Amino acid sequence: MIPSSWIDGVAVRTDGLRHQVINPATGRSVAELALATPVDVDLAVASARAALPAWSGATCAERSAVLSTLAELLGAHAPDLVAGEVSQTGKPVRLASEFDVPGSIDNIAFFAGAARHLEGKATAEYSADHTSSIRREAVGVVGTITPWNYPLQMAVWKVIPALAAGCSVVIKPAELTPLTTRTLARLASEAGLPDGVFNVVTGAGPEAGTALAGHAGVDVVTFTGSTAVGRKVMAAAAVHGRRTQLELGGKAPFVVFDDADLDAAVHGAVAGALINSGQDCTAATRAIVARNLYGDFVAGVAELMSKLVVGDPADPDTDLGPLIEPSAKEKVKEHLQDALDKGGKLLTGGEEHKLGGQFFQPTIVTGATQDMKVATEETFGPVAPLFKFDTEQEVIRLANDTIFGLASYFYA
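Residues numbered from 1 in each chain as written. Predicted model: local features only at pLDDT ≥ 70, side-chain atom pairs only at ≥ 80, totals over all residues. Heavy atoms only, no water.

## Section: the overall build of the chain
Within the chain, the secondary structure is distributed over 13 helices and 17 strands. Its C-alpha atoms give the chain principal-axis dimensions of about 65 × 65 × 40 Å. Taken as a whole, the chain presents about 17,800 Å² of accessible surface, with 54% of it coming from carbon and sulfur. Counting 32 positive and 47 negative side-chain charges, the chain places the averaged centre of each group 4 Å from the other. (Helix = DSSP H or I, 4+ residues; strand = E, 2+ residues; numbered from the N terminus. Areas by Shrake-Rupley, 256 points an atom, 1.4 Å probe, with all protein chains shown as cover. Lys, Arg positive; Asp, Glu negative; His and termini not counted. Charge placed at Lys NZ, Arg CZ, Asp CG, Glu CD.)

This is how it looks when you write it as structure tokens:
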């Protein structure tokens, strides 16, 4: 059983419930660990709080040097990080090796540079005989909760800017996919990050996540995940008046106007809808197409989807891997059945893939309407509902007819 957490610069085995990290492509366990408890969260926050004065007081050059070394270490360990992402998420190795891992390395390198350019201001405009100064200081201890769909990238996006600014961090990765986050923390220590500045607690959301979000020793809470859980995170942080940063659900429209490049729009729609098997909050989950292009667009999307390779995520030729867990597959099936019950038609897919397990066929739903779950809720699977429109006013109304507002796309 591997240590589930990283606290005060060392790997920690906790006393919580035993948990298996499952490869969704095979159904086999890739790691066993004991989940972190609220007690472990207390220890991690105390460690971050104790480490904060020295790290926030370090010079910009010192913080930059650590992050630069960390970027180099990730580059040296890239193959292992790719393998870790593939095994715990089931995402295709091509996505992990061309996007997740190199993107994470580049992000760290960027903030290594940004750490040396923390702007302040000095001006006498407020008073003729005084100089006013604005100085940027670290907020304090950052508590962050990350999702399972992009484990390494989300950890980097949330942790590294905080470290660059001089904050200390406690991160709770999704218990489904914690492995590369722990590796990131270990490599940060090897890069020279002082003990306690970067802590990891791998636990379940209702226990460890709630404890972290509502902890009195945390100064700011950042969360990426569902809107429903985001509301709970905000409520927990509000008890102590802590500020929050939330990236929640999405139902991005993909609008194709009648003067669009049809071939480009078809490729964009398929890539946008099916990246990471559709498990992406910014996925293009609603294609809304000008009526005179609709028939050709549908045919193009269907043809392109038929060429996609669904299979072993470790195979470089694979385009789509499995969904993350059984409940994700059941949600996709529920949404599709709802669409069929309300008059939608399946042009392609709509069933579990012949590979079994958590694999699902790329699916096109035609005749989609706004009363369907595939139009209004996050399906989080390889499903593309298609709509048509006649006027610009109509497409604006359709695109905005959602409670979400995270992303949108258009071709014109």
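## A few points about helix α2 (residues 60-76)
Between its terminal C-alpha atoms α2 stretches 25 Å, which fits the 24 Å expected from 17 residues at 1.5 Å a residue. By the burial criterion, the buried members of α2 are R63, S64, V66, L67, L70, A71, L73 and L74. For α2, the elements touching its buried residues are α1 (38-56), α3 (78-89), α4 (93-114), α5 (151-164) and α6 (179-190). (Expected span 1.5 Å × (residues − 1). Buried < 20%, exposed > 50% of the residue type's maximum accessible area, 1.4 Å probe, protein only. Contact = heavy atoms within 4.5 Å.)

## Some words on the pairing of strand β10 (residues 220-224)
The buried count for β10 comes to 5 of 5 residues, which makes it a mostly enclosed element. Burial along β10 is two-sided: the residues V220, T222 and T224 and V221 and F223 are all buried. Relative to strand β11 (residues 243-247), β10 runs parallel, the two being bridged by 5 bridges. Considered in β11, the bridge of V220 is made with R243. Taking the sense of rotation as the criterion, the β-α-β connection linking β10, helix α8 (residues 227-238) and β11 turns out right-handed. (Pairing = 2+ DSSP bridges. Right-handed = clockwise from strand over helix to strand, strands pointing away.)

## Points about the side chain of T144
Relative to the assigned elements, T144 resides in strand β7 (residues 141-145). Residues within four places of T144 in sequence aside, it is in contact with K158, V159, V169, V170, I171, K172, L212 and T222.

## Digging into the layout of surface pockets
Of the volumes computed, that of the second largest pocket is approximately 300 Å³. Tallied by class, residues from the lining of the second largest pocket come to 8 nonpolar, 2 polar and 3 charged. (1 Å grid on protein atoms, 1.4 Å probe; cavity = no way out; pocket = protein on both sides within 12 Å on 5 of 7 lines; lining within 4 Å. Points joined across faces, edges and corners; volume = space filled by probe spheres on them. Nonpolar A, V, L, I, M, F, W, Y, C, P; charged D, E, K, R; others polar.)

## What about the nonpolar core?
One finds L70, I108, I160, L163, L184 and F198 to be the most contacted residues of the largest nonpolar core, which totals 43 residues. Secondary-structure elements contributing two or more residues to this core are α1, α2, α3, α4, α5, β8 (168-172), α6 and β9 (198-200). Broken down by element, this core gets its largest block of residues, 8 residues, from α5. If near-sequence neighbours (up to four positions away) are discounted, I160 is found in contact with L67, L70, I108, F111 and A155. Membership of the second largest hydrophobic core comes to 26 residues, among which are V266, A287, L304 and L386. (Core = buried A, V, L, I, M, F, W, Y, C linked by side-chain atoms within 4.5 Å.)

## Observations regarding the sheet that holds strand β13 (residues 284-290)
The strand order across the open sheet built from 6 strands is β14-β15-β16-β13-β12-β17, with neighbouring strands paired in mixed fashion. Edge strands, defined here as strands with exactly one partner in the open sheet, are β14 (345-348) and β17 (409-411). When strand polarity is set aside, the average angle formed by the axes of neighbouring strands in this sheet is 25°. Two elements, strand β15 (residues 363-366) and strand β16 (residues 383-389), share 3 bridges in a ladder whose sense is parallel. Bridged to V365 within β16 is P385. Docked against the sheet, helix α9 (residues 262-274) engages β12 (252-256), β13, β16 and β17, running at close to 170° with respect to β12. (Axes fitted to C-alpha atoms, helices over the stretch in contact; angles between N-to-C directions.)

## Some points on the side chain of N149
Its location among the elements puts N149 in the loop between β7 and α5. If near-sequence neighbours (up to four positions away) are discounted, N149 is found in contact with K91, N276, Q279, D280, C281 and F380.

## Notes on the pattern of salt bridges
Scanning the model with the defined rule gives 13 salt bridges in all. Across the pair K333 and E330 runs a salt bridge, and its minimum N-O distance is 3.5 Å. With K333 and E330 both in helix α11 (residues 326-341), this residue pair falls 3 residues apart, about one helical turn. By relative accessible area, E330 is classed as partly exposed at 42%. Bridged by salt links that share partners, the residues K329, E330, K333 and E352 form one connected network. (Salt bridge = Lys/Arg side-chain N within 4 Å of Asp/Glu carboxyl O.)

## Quick notes on the packing of aromatic side chains
On inspection of all chains with the given rule, the structure shows 7 aromatic pairs. With 6.2 Å between their ring centres and 75° between their planes, F99 and Y150 make a pair best called edge-to-face. Of the two residues, F99 is situated in helix α4 and Y150 in the loop between β7 and α5; the sequence distance between them amounts to 51 residues. Accessibility expressed as a relative area gives 37% for F99, which makes it partly exposed. The class of Y150 is buried, set by a relative accessible area of 6%. For the ring pair F254 and Y411, a centre distance of 5.1 Å and an interplane angle of 35° mean the geometry is tilted. Remark: Y411 occurs in strand β17 and F254 occurs in strand β12; sequence separation between them is 157 residues. Linked through ring pairs, F254, Y409 and Y411 together constitute an aromatic cluster. (Phe/Tyr/Trp six-rings, centres within 6.5 Å; stacked < 30°, edge-to-face > 60°.)

Keep in mind these numbers describe shape, not what the thing actually does.
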